[in-house]
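Residue-level structure breakdown
If you want the building blocks of each chain, they are given just below.
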Amino acid sequence: MSARIIDGKAIAQEVRAEWKVRADILKSKGVTPGLAVIIVGEDPASKVYVANKVKACAELGLHSEHIALPADTSEAELLARIDALNKDPKIHGLLVQLPVPKHIDSDKVLNAINPEKDVDGFHPINVGALATGNMRFAPCTPYGSLVLLQKSGVSIEGKHAVVVGRSNIVGKPMALLLLQNNATVTICTSRTQDLAKHTRDADILVVATGKPKMITGDMIKPGAAVIDVGINRMADGKLCGDVDFESAKEVAGYITPVPGGVGPMTITMLVANTVQSAERAAGK
Ligand code: GUN
């Protein structure tokens, strides 16, 4: 048996087209959704992510502002920039690319962003809203993973979903979104004893550990839906996920490739959150 490959690129295109319709409706009423992305310093991976976020906005005809600040920017200066964008009516979504340089307190930064413009969903108010079932913005990577499952026709209700990884950006919000969709959820970490015992019981397995190929085919339940959030560069320069795709695809029912699985969805959901924020601001 060979798994159905979930084509993240194709699904991302489809979802972007849906949100473009909503953005165009807003624009016809005189409101152009706007996203501001702040990057501090020169981290090469972060620069690529930020450039792609701005590019995605342009493709959908959204307004975007790319604010690149030097690595030695003070915390006070960054907070002042955030404050100005919080008040700027052209901006409906605002994010600071993480990680920020060590002399800046990232919690302070996340707390400073207006929760109504927090399209990453990282502000404690929005984290709490997700946890209590009153979601305002779902964090983009888990939200995109959820949409991949839904668009692939994987049923979630009543199923056992296992999330490996407990980061604030992926693992924890992923678990909450699955719970919200009536899955029975187990969260595992790198310290979980007999990890395979848990993963083998998963109807839906989401892996976000940052450990290349750590989940192998023998750890997967036959027919399971496997979402691989990892993106790791191997010594030979190739990208791989946290799941060993070759062995996993022989066992799983559905699987996301790396690249071309979750990756394209993250930025798509950022655009979606920005359009949704603009709709709310316009009183829709
Ligand atoms: N760094 C890695 N992923 C993300 C993300 O989704 N948002 C922000 N702001 N920074 C990140």
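Right, let's walk through the structure included here. Just so it is clear, the model here is predicted, and its values are computed rather than measured.

Another aspect to go through is the sheet that holds strand E2 (residues 34-40). Here we have three strands laid out as an open sheet, ordered E3-E2-E4, and parallel in their pairing. The open sheet is flanked by strand E3 (63-69) and strand E4 (93-96), the only strands paired with a single partner. With direction set aside, neighbouring strand axes in the sheet form an average angle of 10°. Where E2 meets E3, seven bridges bridge the pair, whose relative direction is parallel. In the sheet register, Val40 faces E3, and the bridge partner there is Leu69. Sheet strands in contact with helix H2 (residues 44-59) are E2, E3 and E4, and its direction is about 170° off that of E2.

It is worth spelling out unusual backbone geometry at this point. Cis geometry is found at the peptide bond from Leu98 to Pro99, where omega equals 0°. Within the secondary structure layout, Pro99 lies in the loop between E4 and helix H4 (106-112). Cis geometry is found at the peptide bond from Val258 to Pro259, where omega equals 0°. If you trace the backbone, Pro259 turns up in the loop between strand E11 (254-255) and helix H10 (263-281). Here the phi dihedral of Asn182 falls at roughly 70°; this positive angle occurs in a residue that is not glycine. Counting through the fold element by element, Asn182 comes out in the loop between helix H7 (171-180) and strand E6 (184-188). You will see that Asp194, though not glycine, has its phi angle at about 45°, which is positive. With respect to the helices and strands, the residue Asp194 is situated in the loop between E6 and helix H8 (195-199). Overall, Asp194 belongs to the partly exposed group, its relative accessible area being 48%.

Taken together, Lys53, Leu95, Val96, Gln97, Leu98, Asp120 and Phe122 make up all the residues around the ligand. Between the ligand and the protein, one listed contact pairs a nitrogen atom with a backbone N or O atom of Leu98 at 3.0 Å. Separating a nitrogen atom of the ligand from a side-chain N or O atom of Asp120 is a distance of 2.7 Å. Its residues placed into classes, the shell around the ligand shows four nonpolar, one polar and two charged.

Counting residues in each nonpolar core, the largest one holds 51 residues, and the members touching the most others are Leu149, Leu178, Val206, Met265 and Met269. With eight residues, H10 is the single largest residue contributor to this core. In this structure, Ala3, Val162, Ala224 and Ala252 belong to the second largest nonpolar core, which totals 19 residues.

In this section: the sheet that holds strand E5 (residues 160-164). Taken together, six strands build an open sheet; the order of strands is E1-E11-E8-E7-E5-E6 and the sheet is parallel. Only two strands of the sheet have a single partner each, and these edge strands are strand E1 (4-5) and E6. When E1 meets E11, the two strands line up parallel, connected through two bridges. What sits directly across from Arg4, in E11, is Tyr254. In this fold H7 packs onto E5, E6 and strand E7 (204-207), with an angle of close to 170° to the strand it touches most, E5.

A few words now on helix H5 (residues 124-131). Taken as a whole, H5 has its buried residues at Asn126, Ala129 and Leu130. The arc that holds the buried residues of H5, viewed along the axis, is 100°, so those residues lie on one side. Those residues of H5 hidden inside the fold are in contact with H7. Downstream of H5 by a residue or two, Gly133 has a phi angle that is positive, lying close to 80°.

A word on the environment of Asp72. Position of Asp72 among the secondary structure elements: in the loop between E3 and helix H3 (75-86). Asp72 gets classed as exposed once you look at its relative accessible area, which sits at 65%. When the C-alpha positions of Asp72 and Gln13 are compared, they lie 38 Å apart, and in sequence the two are 59 residues distant.

Procedures and definitions
- Residues numbered from 1 in each chain as written.
- Predicted model: local features only at pLDDT ≥ 70, side-chain atom pairs only at ≥ 80, totals over all residues.
- Heavy atoms only, no water.
- Pairing = 2+ DSSP bridges.
- Helix = DSSP H or I, 4+ residues; strand = E, 2+ residues; numbered from the N terminus.
- Axes fitted to C-alpha atoms, helices over the stretch in contact; angles between N-to-C directions.
- Contact = heavy atoms within 4.5 Å.
- Buried < 20%, exposed > 50% of the residue type's maximum accessible area, 1.4 Å probe, protein only.
- Near = heavy atom within 4 Å.
- Polar contact = N/O pair within 3.5 Å; in protein donor to acceptor, adjacent residues only side chain to side chain.
- Nonpolar A, V, L, I, M, F, W, Y, C, P; charged D, E, K, R; others polar.
- Core = buried A, V, L, I, M, F, W, Y, C linked by side-chain atoms within 4.5 Å.
- Arc of directions from axis to C-beta.

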